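Each chain, letter by letter, is given below.
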6 protein chains.
Amino acid sequence: DFRRALEEVVPSFGVSADQFASCVPNGIIEFSDEFRGVVKTAKLLLQQVKNSDVTPVLSVLLEGSVGSGKTALAATLAMNSNYPYVKLITPEDFLRHSESVKRIKIDKYFQDAYKSPLSLIVVDDIERLLEYVPIGPRFSNMILQSLLVLFKKAPPPGRKLLVIATTSNREVLEAMQILDVFTEVLTIPDVSSGDQTATVLRAMKNYTEKDIKQISEKYSGKLPIKKLMTVADMAIQDDDGTSLADRFLRFAGSGSHTVPHG
Amino acid sequence: DFRRALEEVVPSFGVSADQFASCVPNGIIEFSDEFRGVVKTAKLLLQQVKNSDVTPVLSVLLEGSVGSGKTALAATLAMNSNYPYVKLITPEDFLRHSESVKRIKIDKYFQDAYKSPLSLIVVDDIERLLEYVPIGPRFSNMILQSLLVLFKKAPPPGRKLLVIATTSNREVLEAMQILDVFTEVLTIPDVSSGDQTATVLRAMKNYTEKDIKQISEKYSGKLPIKKLMTVADMAIQDDDGTSLADRFLRFAGSGSHTVPHG
Amino acid sequence: DFRRALEEVVPSFGVSADQFASCVPNGIIEFSDEFRGVVKTAKLLLQQVKNSDVTPVLSVLLEGSVGSGKTALAATLAMNSNYPYVKLITPEDFLRHSESVKRIKIDKYFQDAYKSPLSLIVVDDIERLLEYVPIGPRFSNMILQSLLVLFKKAPPPGRKLLVIATTSNREVLEAMQILDVFTEVLTIPDVSSGDQTATVLRAMKNYTEKDIKQISEKYSGKLPIKKLMTVADMAIQDDDGTSLADRFLRFAGSGSHTVPHG
Amino acid sequence: DFRRALEEVVPSFGVSADQFASCVPNGIIEFSDEFRGVVKTAKLLLQQVKNSDVTPVLSVLLEGSVGSGKTALAATLAMNSNYPYVKLITPEDFLRHSESVKRIKIDKYFQDAYKSPLSLIVVDDIERLLEYVPIGPRFSNMILQSLLVLFKKAPPPGRKLLVIATTSNREVLEAMQILDVFTEVLTIPDVSSGDQTATVLRAMKNYTEKDIKQISEKYSGKLPIKKLMTVADMAIQDDDGTSLADRFLRFAGSGSHTVPHG
Amino acid sequence: DFRRALEEVVPSFGVSADQFASCVPNGIIEFSDEFRGVVKTAKLLLQQVKNSDVTPVLSVLLEGSVGSGKTALAATLAMNSNYPYVKLITPEDFLRHSESVKRIKIDKYFQDAYKSPLSLIVVDDIERLLEYVPIGPRFSNMILQSLLVLFKKAPPPGRKLLVIATTSNREVLEAMQILDVFTEVLTIPDVSSGDQTATVLRAMKNYTEKDIKQISEKYSGKLPIKKLMTVADMAIQDDDGTSLADRFLRFAGSGSHTVPHG
Amino acid sequence: DFRRALEEVVPSFGVSADQFASCVPNGIIEFSDEFRGVVKTAKLLLQQVKNSDVTPVLSVLLEGSVGSGKTALAATLAMNSNYPYVKLITPEDFLRHSESVKRIKIDKYFQDAYKSPLSLIVVDDIERLLEYVPIGPRFSNMILQSLLVLFKKAPPPGRKLLVIATTSNREVLEAMQILDVFTEVLTIPDVSSGDQTATVLRAMKNYTEKDIKQISEKYSGKLPIKKLMTVADMAIQDDDGTSLADRFLRFAGSGSHTVPHG
Ligand SMILES: Nc1ncnc2c1ncn2[C@@H]1O[C@H](COP(=O)(O)OP(=O)(O)OP(=O)(O)O)[C@@H](O)[C@H]1O
Ligand SMILES: Nc1ncnc2c1ncn2[C@@H]1O[C@H](COP(=O)(O)OP(=O)(O)OP(=O)(O)O)[C@@H](O)[C@H]1O
Ligand SMILES: Nc1ncnc2c1ncn2[C@@H]1O[C@H](COP(=O)(O)OP(=O)(O)OP(=O)(O)O)[C@@H](O)[C@H]1O
Ligand SMILES: Nc1ncnc2c1ncn2[C@@H]1O[C@H](COP(=O)(O)OP(=O)(O)OP(=O)(O)O)[C@@H](O)[C@H]1O
Ligand SMILES: Nc1ncnc2c1ncn2[C@@H]1O[C@H](COP(=O)(O)OP(=O)(O)OP(=O)(O)O)[C@@H](O)[C@H]1O
Ligand SMILES: Nc1ncnc2c1ncn2[C@@H]1O[C@H](COP(=O)(O)OP(=O)(O)OP(=O)(O)O)[C@@H](O)[C@H]1O
Ligand SMILES: [Mg+2]
Ligand SMILES: [Mg+2]
Ligand SMILES: [Mg+2]
Ligand SMILES: [Mg+2]
Ligand SMILES: [Mg+2]
Ligand SMILES: [Mg+2]
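Read on for a plain summary of the structure. Remember, it's a predicted structure, so these values are computed and weren't measured experimentally.

Per the secondary structure count, chain A includes 11 helices and 5 strands. For chain A, the spread of C-alpha atoms along the three principal axes comes to 65 × 40 × 30 Å. The 262 residues of chain A split such that 58% are buried. Of the contacts formed within chain A by residues at least 6 apart in sequence, a portion of 78% connects residues at least 24 apart. As displayed, chain A offers around 10600 Å² of accessible surface, 50% of which is attributable to carbon and sulfur atoms.

What follows is the structure, encoded as structure tokens:
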């Protein structure tokens, strides 16, 4: 019975493994203590679900700025979890689906999870899944209600489930009373000083130690890791004779990154 | 006629008996006098419906914090009621159903109850059943209207009905004027002092008397029983060399339970 | 023609007679002068419709607290009217019907009434029929518009109609401008003093004259008759050794009737 | 062509003639100069449409209190118009129709009118036709838009049309900008003094000259004619020994007409 | 190719030619310099579309009071334009159509226009086409969005288009940001003095020069031309012995034109 | 595989090439340094997508006044990009499509793009695509949600994508939180001084150097390039004897361009 359950869910697993990998093309950089703390708590919850009899279902919300690395971290945790069933639920897969088809599919992924003794479901970008927009505001209450039930519903006896969700709109989820449903809420920090920025640039491999030293001394900004990497890359492309460090500082410094004409 | 009515409803009963059991995996802990008072009143109403000719239908609302044990208590009362028909109506069963199918199914459960001489229906998590969300606010008026009628509709002559409903959103139900419909509204308390917490930890069996003594002396917080048990379990998992009591106090003390990195 | 009209409507009549009876299981208690005044005016309107040529259609609204006895009084008036066609329109009968089916059925009952020379239609619990909820507010405008037309539409020549409607939400009906449509609006009072309460308890037969005397001296509260009877019955069930009068006073006195634990 | 047009519309005409008659069971009482002024202007417009080449379509709105006699007057004008096509559009005929069927039927009545050389359409109780309710507010914009176009659309060359509409909610029509569409807006007055009241009571035939004299001296209230006649009739029914004039004054005097108990 | 395009659109053209004529039964009176200025600008735009290569599509909005002659002017311009394709889009033609059918038909008329080398489309009474009502406000966003695109979309190479739209609700169009789309916004004035009024009355032919002289001396009001002509006609009908000039002044003077009773 | 992907998308490319050309009938005039700066940044992003491995998807928003040349610039960039797949998504193509068909088609264009190694999609006039209207406000949340996902979704490994979107309603997009999704936001300036205006008029070829000199000295206004060219053209048409420069100054000076009558 146990083995059959495992086999039944293999296809779902396989598909998601690929998807998870594409969320972290270049691995994770542990750029600060705060970031490492988040990773540690998340791993503790993975372990608690596996070991405890008191808590057959737990859920954790990863929240942070746009581009702070929420999806990348959730995917990394899933890939390293060694759980027999891991699944990514992402808005990208529902672009042509109606609200009710979406609801049925989400429910299906949870039913699949209940067949495995130990499962992890990543629900990425909740506000996008809910089709939230602040004007109105509008969102799919149908999907919200499903999540409110599914995130805390106990699996059948002997089965266990961890839910990892992500959002860049914590306040909205609070207003929807979905925050109460999570066991933990963890905040992914931005890259926020010269030192942390140096760690990231070093990992990108296009910057010389000299460039990096110059930047880490002069730069005191704060950017989500994805934006930081895009800016760093833009500086590389715009080869106008000035030093790479200079160009980085120019792009990273201005709110808008428009190339000065001249 | 009486016997046939009983037989007709047996299947429904059987199903719900299982469901009720799964709501109380480890039995109920009577952790305070206030909690015991609630249990006592609920039992008096069970008896009144059975005995009286004046009140063929009564309804009681159990309200309290998220995780305070409302569902667990309602299920326990149902299992111990010895009523020939007991039924659990829970949002978990309607995840794929449209509003109108939901309405028909709820109505059906009440019609089934009317076939039994004595029935108890648990309507769990009313605000979830109504798909309530505070933004808007939005909810299913169709379901609300059905409940408003069904909760006070007299069963056919000779039949009797008790409705137990639960909510963690009392104010909203008040605004919807559904509170007027209940004969009684009972509040399930949180676990609120060292002594009450000790009672719960003792029942969990992982804590030594020494741990418990230390905690009951130092701890003065207040948590719904489910959150208390999750925190207590998290402390057990995070075996980092400090004492279990210390870890419990650290996790239970902080608003967010993030593991400090180090 | 007259006789055929009568025969045609017999089935409808039969059904409703049963329904009316079930609304007044134990007869009506005339507990105060104010209550008797309401009954008298209602009877005058019944007579006016029967006798006058100027007013072929009249309508009266019975309004009062939840449980004040509106449905019971309307049903009693209908049963004693000796009108050849009497019909109860109640939300309980529409639990599975869509808005538009409801509209068609209501219209049908009025068309049936127009076949009888003299008809009485009880429209019970208007705000429930309209699926009114104060949040929003929301309600069925389709049903409201039908009632606005049907309550004042003249029957065909030679036919006469009285409409008795009930509500516990007078202000809302006023805001909907449906109050203008009624010939009369009558308020059913609560049971409001020791003497009136004594009259009701006496009729319930479980209280001794001694109990009643003690209560009528000490009690000065005010309750809708249905709530009063439920409280009185609760006191009977909770046989904890204290006197029945004491228990009544304890339950009737507290806003919430929770049994004190101890 | 002219004759064929006339023949084509005969059926519609016949039906409406019956309907118009039933709106004025007992003829019109010209109870005041103001009332007579309204009648005169309305007749002038009937004549203008018939004679002029400049204005092939005119429209007039009769507005006044609930029960002031708007429908009765419109029907009387139609019956006495000698127009070959007269049609009553009333909410009573649309009770089971959806919004869009209603729209198609209204449009149809106007198309029929365009076949006749000279037509009069009475659009009774516009706010009811629009299913207007002040809460929201809500109404059928589909029907409103149809009326906005139809009330000012010129008939085909050589055809003429007068529209008479009624409302007891002038302000709302103003807010909807439908008032701009009417050539004239006429206000039907209430019956507002002893003399005018006497005129009405005299016409009712149940009151002796002595009763009437006494009332016209003592009474100084103001009521729409329909309410006045209902009160007068109620006084007739309640034969409690006091004089008819006294009873009239008692009922007409109190805001609510509840019979005093005693 | 050019000739075939012309032939293809002939039927549409024919139909609209009739429709345009019926909008101006009695020709246009150029009653003021301001009015003549509007006509001149409109003609310049007709010429610009014909001659220029820079501006293949232009659009002009005629705005003014209800009855100021917007439709009449637009129709006159279309009839005198000598454009091979002219089309009137009017709310009167959509009375039975759903929103989406309306949208498809409007789009179709523009597609037809693109087949002709030179086209003029009159979009009459935009706010009615949009089913606008100030309560809410409500309107068809679907139609609005179509117009926003169609009014500025360039026709295929070598084809040219002028759009003339009308409205009596300029502020609303501004709020909808549809005003930005027009090349020009022209205001049709009311008839605003004795002299201008005289010009209009003279053209009506029922007033003697003596009447007109008297009126132009005494009258200083301001009315849209259509209202002015209706009032002038009403005065003609009401032959009560006073002079025509007097009657005109009486009717035109009072806000409401109710005939004084007497 | 690479070649096949290229072939598969050829038809889409062909169609759009035509469409792009029609958006820039007369080439682009680089009328100011600011304008040149925008062009330079846009080209840098085109290059970054082509060369970088870090940023497989980038998006840029061109925002500016109505008629400032956003569509023309986007089309020019696309035509000169030498990307194997270029596609124009414009509201003009969706005039008859329902919201959900629109969504499917947009998604399809992105799926097509993912088949090409290097793609550019122009999403023109976002607020029109969303059917945005400020009254309400209303817009298609379904389309908005699709864009929010598609604009940042990474293409399959080895494929790259640049999105260029345009809007004249930047604030609204900000309120919808779609601005966060763009890598860059670039503002297209208006033509804002005598010198810049001279550059544009010179390119139009109807103005003599003398006219241009006179205008550039006297004119100090600011207009979007499209409006400027329409005004300049209008002055050409209105040949009333005054000099072209005078006529230009008169039309460009007045807010409304109504021809003075005379
Ligand atoms: N800690 C990290 N170390 C290295 N790369 C990272 C890290 N976090 C994110 N990235 C990279 O940044 C990119 C985007 O991050 P990701 O999509 O996870 O951010 P996000 O917070 O989910 O953004 P969004 O709010 O848009 O969903 C990914 O390509 C990922 O490889
Ligand atoms: N009094 C109690 N004694 C022992 N265990 C309890 C008690 N109350 C609740 N529990 C346990 O806590 C868990 C959750 O409680 P339950 O679901 O009944 O809370 P709830 O108030 O219904 O929460 P929610 O607001 O989420 O619906 C259950 O597993 C149950 O076994
Ligand atoms: N005057 C009365 N005398 C005796 N019993 C009464 C009287 N009025 C009501 N009852 C009893 O009270 C019960 C409920 O009253 P009823 O349903 O008519 O109240 P209601 O005002 O219609 O309540 P609701 O607002 O809930 O519709 C009935 O069982 C009826 O028998
Ligand atoms: N002037 C009148 N003279 C005599 N009877 C009248 C007069 N006006 C109205 N009535 C009588 O009053 C009754 C109701 O009047 P009617 O329905 O026309 O009023 P209404 O203003 O249309 O009311 P509502 O606002 O309800 O539509 C009719 O039966 C009619 O016969
Ligand atoms: N300048 C004019 N000279 C002569 N007659 C005119 C003139 N303008 C309008 N009319 C006449 O007035 C009548 C109504 O005018 P028209 O319908 O064009 O006004 P409108 O502004 O379109 O009104 P609405 O706001 O109701 O659409 C037409 O019969 C037309 O013949
Ligand atoms: N920089 C330019 N040089 C020359 N012509 C231009 C320039 N920009 C725009 N145009 C011309 O102006 C016309 C309209 O510009 P375009 O449609 O691109 O403006 P837009 O900003 O997209 O306007 P909208 O806000 O209405 O979408 C086009 O015909 C184009 O040829
Ligand atoms: Mg993400
Ligand atoms: Mg619960
Ligand atoms: Mg009732
Ligand atoms: Mg009426
Ligand atoms: Mg018009
Ligand atoms: Mg554009």
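Next, the rest of the story.
What follows deals with the arrangement of the chains. Regarding chain A and chain E, which are not in contact, the minimum distance between any of their C-alpha atoms is 15 Å. Regarding chain B and chain F, which are not in contact, the minimum distance between any of their C-alpha atoms is 15 Å.

This part covers the side chain of Lys102 of chain D. Along the chain, the position of Lys102 of chain D falls in helix 4 (residues 99–115). The residues contacting Lys102 of chain D, other than those within four sequence positions of it, are Phe94, His97, Arg128, Leu129, Glu131 and Ile143 of chain D.

Take the site of ligand 5 next. Around ligand 5, a shell composed of 16 residues is seen, among which Lys152 of chain D together with Ile29, Lys70, Thr71 and Ala72 of chain E lie nearest. Near ligand 5, residues from chains D and E are present, making the site a shared one. Contact distances for ligand 5 include 3.0 Å between an oxygen atom and a backbone N or O atom of Gly67 of chain E. Against a free-state accessible area of 620 Å², the protein chains account for coverage of 89% of ligand 5. Those elements giving two or more residues to the shell around ligand 5 turn out to be helix 3 (70–79) and helix 10 (225–237) of chain E. When residues of the shell around ligand 5 are assigned to their parent elements, the largest contribution, 3 residues, is made by helix 3 of chain E. Considering only residue class, the shell around ligand 5 consists of 7 nonpolar, 6 polar and 3 charged.

The next thing to look at is unusual backbone geometry. Residue and element names in this part refer to chain A. The omega torsion of the bond from Gly136 to Pro137 falls at -10°, within 30 degrees of zero and hence cis. Note on placement: Pro137 falls in the loop between helix 5 (126–129) and helix 6 (141–150). Phi at Glu131 is positive, roughly 55°, even though this residue is not glycine. Structurally, Glu131 is set in the loop between helix 5 and helix 6.

A separate point is the nonpolar core. Membership of the largest hydrophobic core comes to 322 residues, with the highest contact counts inside it found for Phe248 of chain A, Phe248 of chain B, Phe248 of chain C, Phe248 of chain D, Phe248 of chain E together with Phe248 of chain F. Among all residues touching Phe248 of chain F, those that are not within four sequence positions of it are Thr197, Leu201, Tyr207, Ile215, Tyr219, Leu228, Val231, Ala232, Ala235 and Gly253 of chain F.

Further remarks concern the interface of chain A and chain B. Where interface size is given, it is often the accessible area lost as the parts come together that is meant. Residue-level contacts link 41 residues of chain A with 32 residues of chain B. Interface area, chain A with chain B, both sides summed: about 3100 Å², of which 56% is carbon and sulfur. Counting the surface chain A buries against chain B, the share from its top three residues, Leu44, Arg103 and Gln145 of chain A, is 16%. Where chain A meets chain B, there are 1 salt bridge. Asp107 of chain A is paired through a salt bridge with Arg96 of chain B; the nearest N and O atoms lie 2.5 Å apart. Taken together, the connections running from chain A to chain B amount to 14 residue pairs in polar contact (both at pLDDT 80 or more). Looking at the side of chain A that touches chain B, the elements with two or more residues in it are helix 2 (33–51), helix 4 (99–115), helix 6, helix 7 (170–175) and strand 5 (184–187) of chain A. The residue makeup of the side of chain A that touches chain B, split by class, is 16 nonpolar, 13 polar and 12 charged.

Between chain A and chain B, which share one sequence, the superposing operator has a rotation angle of 60° and an axial displacement of 0.0 Å; the RMSD is 0.0 Å. On the angle and the small slide along the axis, the relation comes out as a six-fold axis. Looking at the rotation axis and the C-alpha trace of chain A, the residue lying nearest is Gly136 of chain A, at 8.7 Å. Mapped onto chain B, only 2% of the interface residues of chain A again fall at the interface, so the copies present different surfaces.

Let's shift gears to the interface of chain D and chain C. With 32 residues of chain D in contact, the opposing surface of chain C contributes 40 residues. When the two sides are added together, the surface that chain D and chain C hide from each other amounts to roughly 3100 Å², 56% of it contributed by carbon and sulfur. Viewed at the interface, chain C and chain D are joined by 1 salt bridge. Counting every contact that joins chain D to chain C gives 14 residue pairs in polar contact (both at pLDDT 80 or more). Among the elements that take part in the side of chain D that touches chain C, helix 10 (residues 225–237) of chain D stands out by supplying 6 residues, more than any other. Grouping the constituent residues of the side of chain D that touches chain C by class yields 14 nonpolar, 9 polar and 9 charged.

Between chain D and chain C, which share one sequence, the superposing operator has a rotation angle of 60° and an axial displacement of 0.1 Å; the RMSD is 0.0 Å. Interface overlap between copies: only 3% of the residues of chain D at the interface are likewise at the interface in chain C, consistent with a contact formed by different surfaces.

Attention now goes to the site of ligand 6. What surrounds ligand 6 is a group of 16 residues, the closest being Lys152 of chain E together with Ile29, Lys70, Thr71 and Ala72 of chain F. Neighbouring residues of ligand 6 are distributed over chains E and F. With respect to ligand 6, the backbone of Ile29 of chain F contributes an N or O atom lying 2.5 Å from a nitrogen atom. Interatomic distance of 3.0 Å between a backbone N/O atom of Gly67 of chain F and an oxygen atom of ligand 6. About the coverage of ligand 6: the protein hides 89% of its 620 Å² of free accessible area. Within the residue set of the shell around ligand 6, elements represented by two or more residues are helix 3 (70–79) and helix 10 (225–237) of chain F. By residue number, the principal contributor to the shell around ligand 6 is helix 3 of chain F, which donates 3 residues.

Attention now moves to the environment of Thr90 of chain A. Residues and elements named next belong to chain A. Tracing the backbone through its elements, the reader meets Thr90 in the loop between strand 2 (85–89) and helix 4. We classify Thr90 as buried; its relative accessible area is 6%. Sequence-wise, Thr90 and Leu62 are 28 residues apart; in three dimensions their C-alpha atoms are separated by 14 Å. Those residues in contact with Thr90 that sit more than four places away from it in its chain are Gln19, Asp124 and Leu129.

This part takes up the environment of Thr55 of chain C. Residue position: Thr55 of chain C is located in the loop between helix 2 (33–51) and strand 1 (57–63). The spatial distance from the C-alpha of Thr55 of chain C to the C-alpha of Ala154 of chain C is 8.7 Å, given a sequence separation of 99 residues. Discounting residues that sit within four places of it in the chain, Thr55 of chain C has contacts with Gln48 and Val49 of chain C together with Thr230 and Asp233 of chain D. Separated by 3.2 Å, the side chains of Thr55 of chain C and Ser52 of chain C make a polar contact.

Moving on: the sheet that holds strand 3 (residues 118–123) of chain D. Hydrogen bonding along the main chain pairs the strands of a sheet, whether they run parallel or antiparallel. Residues and elements named next belong to chain D. Taken in spatial order, the 5 strands of this open sheet run 2-3-4-1-5, and their pairing is parallel. The strands lining the two open edges of the sheet, one partner per strand, are strand 2 (85–89) and strand 5 (184–187). Taking the axes of each pair of neighbouring strands and ignoring which way they run, one obtains an average angle of 15° across the sheet. Here 6 bridges tie strand 3 to strand 4 (residues 160–167), and the two strands are oriented parallel to one another. What sits directly across from Leu120, in strand 4, is Leu162. Packed onto the sheet, helix 3 (residues 70–79) meets strand 1 (57–63), strand 2, strand 3 and strand 4 and runs at close to 165° relative to strand 4. The sheet contacts of helix 4 involve strand 2, strand 3 and strand 4, and relative to strand 2 the element is tilted by about 170°.

Right, let's get into the sheet that holds strand 3 (residues 118–123) of chain A. All names here are of chain A. Across the sheet, which stays open at both edges, the 5 strands sit in the order 2-3-4-1-5 with parallel pairing between neighbours. At either margin of the open sheet sits one strand with a lone partner, and together these are strand 2 and strand 5. Within this sheet the neighbouring strands show an average axis-to-axis angle of 15°, counted without direction. Sheet topology note: the strand 2/strand 3 ladder contains 5 bridges and is parallel. In the sheet register, Leu88 faces strand 3, and the bridge partner there is Val122.

Rules used throughout
Residues numbered from 1 in each chain as written. Chains lettered and ligands numbered in written order. Predicted model: local features only at pLDDT ≥ 70, side-chain atom pairs only at ≥ 80, totals over all residues. Heavy atoms only, no water. Helix = DSSP H or I, 4+ residues; strand = E, 2+ residues; numbered from the N terminus. Buried < 20%, exposed > 50% of the residue type's maximum accessible area, 1.4 Å probe, protein only. Contact = heavy atoms within 4.5 Å. Areas by Shrake-Rupley, 256 points an atom, 1.4 Å probe, with all protein chains shown as cover. Near = heavy atom within 4 Å. Polar contact = N/O pair within 3.5 Å; in protein donor to acceptor, adjacent residues only side chain to side chain. Nonpolar A, V, L, I, M, F, W, Y, C, P; charged D, E, K, R; others polar. Core = buried A, V, L, I, M, F, W, Y, C linked by side-chain atoms within 4.5 Å. Buried area = accessible area lost by both parts, 1.4 Å probe. Salt bridge = Lys/Arg side-chain N within 4 Å of Asp/Glu carboxyl O. Least-squares fit on C-alpha atoms with pLDDT ≥ 70 in both. Pairing = 2+ DSSP bridges. Axes fitted to C-alpha atoms, helices over the stretch in contact; angles between N-to-C directions.

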